[in-house]
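The primary structure of each chain is shown beneath.
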Amino acid sequence: FRDLGKLKEAELCHRKAIALNPNFAEAHSNLGNILRDLGELKEAEICHHKAIELDPHFANAHLNLGNIFRDLGKLKEAELCHRKAIEINPHFAIAHCNLGNILRDLGELKEAELCHRKAIEINPYFANAHLNLGNTLSDNGKLQEAFNSFLKVIEINPTFSNIYPSLTRFLQ
């Protein structure tokens with residue numbers, strides 16, 4: 001249901017799954033993602049904490065909790081959650097990419113760049129990681145490298161619309 005945009009139906013299904021099996025960590029985490037989509041961040045946070053309590057090695061739950069913290073403006077907490085997700089699964093490209101975004105928000109551009117590069121090393125076709133690397137490089141004054149990263153996004157996915165605002169800065 002969530003993929004179809006039917007968030008309330010998806011919420012009800014996950015609540016039923018949890019009622020049937022309260023120890024199902026993935027259901028708690030999925031419910032947290034649905035609640036985040038609905039803008040219910042505090043309840044979403046509780047769901048992800050519960051998922052982690054049930055399965056401390058559930059990297060996705062740490063990542064999802066980190067996303068909630070970032071939404072709430074709690075960047076240091078978000079950073080710690082993403083670092084924990086990476087500790088659990090060092091090949092978790094999205095966690096590296098998200099950590100890079102958080103570090104960029106914190107002004108730690110060199111470390112942010114390293115995180116984006118690690119995400120790309122893990123998955124060279126991860127267009128969003130190339131976009132985020134380009135934005136970080138641009139912030140750090142490495143304009144040619146940034147432009148090359150943006151071109152790589154288009155090479156990977158020409159219909160990736162998020163690239164065009166970043167790319168147009170270079171065409172003005």
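Procedures and definitions
Residues numbered from 1 in each chain as written. Predicted model: local features only at pLDDT ≥ 70, side-chain atom pairs only at ≥ 80, totals over all residues. Heavy atoms only, no water. Salt bridge = Lys/Arg side-chain N within 4 Å of Asp/Glu carboxyl O. Helix = DSSP H or I, 4+ residues; strand = E, 2+ residues; numbered from the N terminus. Buried < 20%, exposed > 50% of the residue type's maximum accessible area, 1.4 Å probe, protein only. Contact = heavy atoms within 4.5 Å. Axes fitted to C-alpha atoms, helices over the stretch in contact; angles between N-to-C directions. Parallel < 35°, antiparallel > 145°, perpendicular 65-115°, else oblique. Left-handed = near helix turned anticlockwise from the far one by under 90°. Expected span 1.5 Å × (residues − 1). Nonpolar A, V, L, I, M, F, W, Y, C, P; charged D, E, K, R; others polar. Arc of directions from axis to C-beta.

Participant: Kindly report on the pattern of salt bridges, identifying the contributing residues and their values.
Facilitator: A complete count under the given rule lists 19 salt bridges for this structure. Among the ionic pairs, lysine 118 bridges to glutamate 121, the shortest N-O distance being 3.2 Å. With lysine 118 and glutamate 121 both in helix H7 (residues 109-122) and 3 residues apart, the pair spans about one turn of that helix. The exposure class assigned to glutamate 121 is exposed, which follows from its relative accessible area of 57%. Among the ionic contacts, a cluster of salt bridges with common partners joins Lys8, Glu11, Arg15, Glu40 and Glu43.

Participant: How would you explain the side chain of serine 166 if you had to name every residue and give the values?
Facilitator: In this structure, serine 166 sits in helix H10 (residues 163-171). Residues contacting serine 166, with those up to four places away along its chain left out, are Leu131, Asn135 and Phe150.

Participant: Any details on the packing of helix H3 (residues 41-54) against helix H4 (residues 59-71)? Residues and values, ideally.
Facilitator: Two numbers describe a pair of packed helices, the interaxial angle and the distance between the axes. For the pair H3 and H4, the least separation of the axes is 9 Å and the interaxial angle reads 155°. The angle between H3 and H4 falls in the class roughly antiparallel. By crossing handedness, the relation of H3 to H4 is classed as left-handed. Residues Leu41, Ala44, Glu45, His48, His49, Ala51 and Ile52 of H3 pack against Ala61, His62, Asn64, Leu65, Ile68, Phe69 and Asp71 of H4.

Participant: Explain helix H2 (residues 25-37) to me, using residue names and the numbers behind them.
Facilitator: Over its 13 residues, H2 runs 19 Å from end to end, which matches the ideal 18 Å to within 8%, given 1.5 Å per residue. For H2, the full list of buried residues reads Ala25, Ala27, His28, Ser29, Leu31, Gly32, Asn33, Ile34 and Leu35. Those residues of H2 that are buried lie in contact with helix H1 (7-20), H3 and H4. Where H2 terminates, the next one or two residues include glycine 39, which has phi positive at roughly 85°.

Participant: Please provide a residue-by-residue account of the packing of H4 against helix H6 (residues 93-105), values included.
Facilitator: Interhelical geometry of H4 versus H6 gives an angle of 20° and a closest axis separation of 11 Å. By the angle class used here, H4 and H6 are roughly parallel. Viewed along their axes, H4 and H6 form a crossing whose handedness is left-handed. On the side of H4, the interface is formed by Leu63, Asn67 and Arg70, while H6 contributes Ile94, Ala95, Asn98, Asn101, Ile102 and Asp105. Grouping the constituent residues of the contact of H4 with H6 by class yields 4 nonpolar, 3 polar and 2 charged.

Participant: I'd like to hear about H1, residue by residue, with values.
Facilitator: Over its 14 residues, H1 extends 20 Å from the first C-alpha to the last, a length consistent with the 20 Å expected when each residue adds 1.5 Å. The set of residues buried in H1 consists of Leu7, Ala10, Glu11 and Ile18. The arc that holds the buried residues of H1, viewed along the axis, is 100°, so those residues lie on one side. Across from the buried face of H1, at angles greater than 90 degrees, the exposed residues are Leu12, Lys16, Ala19 and Leu20.

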